[in-house]
Amino acid sequence: MLIIRTLLRPDVSRGKLRDMKCSVDNKCPRAASHLKTKAKKNALMEERFGQIETENRLLLEKMSHIMRFKGGIDCTNDSIKYSHSLGKERRKRELQRITKENQKILKRIENAKPTYNHARWEEEAKKNEDILQNICEFKPQAGRRDDRDDEDSIFGYMDFYDSIPE
């Protein structure tokens, strides 16, 4: 009967429909707070920032130490790792041996008598020039050799074309 009465009075049913609440929740879900904060990332960043601050402080201390005491750059390495070389003595002995051998070779070269006789070379060159003049078809003109600033020709002593009479 209640239904019939409400149907007979439409204004009452409209009011009830207007005031009725939905039974399905259509709102966005609440955001999870642990997803917004990103605690792990923040902790890692804080740790990294702390490490950077520590390194900066150490660097600043070293720089202030340099400015106060030395005033320059400390480029020495006192580490045991770089203090010695395993083959240093052997290399030094080898270098000394090679140097002694080179000195001996130099003395032998300096004390050696020359095997070439320059005077004999000049005599042979003169003989060859005389032979060349004897076998030439065109004899060289007198005085032409002195005008050329002692340049060697392609034939050795004289140029064939210079010997042609004009």
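Reading the values: the criteria
- Residues numbered from 1 in each chain as written.
- Predicted model: local features only at pLDDT ≥ 70, side-chain atom pairs only at ≥ 80, totals over all residues.
- Heavy atoms only, no water.
- Helix = DSSP H or I, 4+ residues; strand = E, 2+ residues; numbered from the N terminus.
- Buried < 20%, exposed > 50% of the residue type's maximum accessible area, 1.4 Å probe, protein only.
- Contact = heavy atoms within 4.5 Å.
- Areas by Shrake-Rupley, 256 points an atom, 1.4 Å probe, with all protein chains shown as cover.
- Salt bridge = Lys/Arg side-chain N within 4 Å of Asp/Glu carboxyl O.
- Phe/Tyr/Trp six-rings, centres within 6.5 Å; stacked < 30°, edge-to-face > 60°.
- pLDDT = per-residue confidence, 0-100.
- Patch = residues over 30% accessible without salt bridge, like charges linked within 9 Å, V, L, I, M, F, W, Y side chains within 5 Å.
- Lys, Arg positive; Asp, Glu negative; His and termini not counted.
- Charge placed at Lys NZ, Arg CZ, Asp CG, Glu CD.

Asker: How would you sum up the overall build of the chain? Please name residues and give values.
Answerer: When you go through the chain residue by residue, the secondary structure sums to six helices and zero strands. The buried share among the 166 residues of the chain stands at 5%. Of all intrachain contacts in the chain linking residues separated by at least 6 positions in sequence, the fraction that spans at least 24 positions is 31%. When the accessible surface of the chain is summed, it comes to about 17000 Å², and 57% of that surface belongs to carbon and sulfur atoms.

Asker: Run through the pattern of salt bridges, naming residues and quoting values.
Answerer: Note on pairing: side chains with opposite charge can pair once their charged atoms come close. Scanning the model with the defined rule gives five salt bridges in all. Notably, a salt bridge pairs Arg 120 with Glu 124, separated by 3.7 Å at the nearest N-O pair. Of this pair, Arg 120 and Glu 124 both sit in helix H6 (residues 118-135), four residues apart, which is roughly one turn of the helix. Across the pair Asp 130 and Lys 126 runs a salt bridge, and its minimum N-O distance is 3.7 Å. With a gap of four residues between them, Asp 130 and Lys 126 both fall in helix H6, about one helical turn apart. It is possible to trace a salt-bridge network through shared partners that takes in Glu 94, Arg 97 and Glu 101.

Asker: Can you break down the packing of aromatic side chains residue by residue, with the values?
Answerer: Geometrically, a pair of aromatic rings is defined through the distance of the ring centres and the angle of the planes. Within the structure shown, the criterion is met by one aromatic pair. Judged by centre distance (5.4 Å) and plane angle (50°), the ring pair of Tyr 116 and Trp 121 falls under tilted. For Tyr 116, a relative accessible area of 57% gives the class exposed. For Trp 121, a relative accessible area of 45% puts it in the partly exposed group.

Asker: Give me the lowdown on the confidence of the model for the chain, citing residues and values where you can.
Answerer: Mean pLDDT over the chain stands at 79; residues scoring 70 or higher make up 72%. At the level of individual helices and strands, the chain shows its lowest average pLDDT in helix H1 (residues 2-8), which scores 58, and its highest in helix H5 (residues 88-111), which scores 94.

Asker: Residues and numbers for unusual backbone geometry, please.
Answerer: We note that Lys 38 has phi near 50°; this positive angle belongs to a residue other than glycine. In this structure, Lys 38 sits in the loop between helix H3 (33-37) and helix H4 (39-70). Look at Lys 38 and you get partly exposed, because its relative accessible area is 49%.

Asker: Quick rundown of a positive patch on the surface? Include the residues and the values.
Answerer: Side chains of Lys 88, Arg 90, Arg 91, Lys 92 and Arg 93 sit close together on the surface and give a patch of like positive charge. With respect to the helices and strands, Arg 90 occurs in helix H5.

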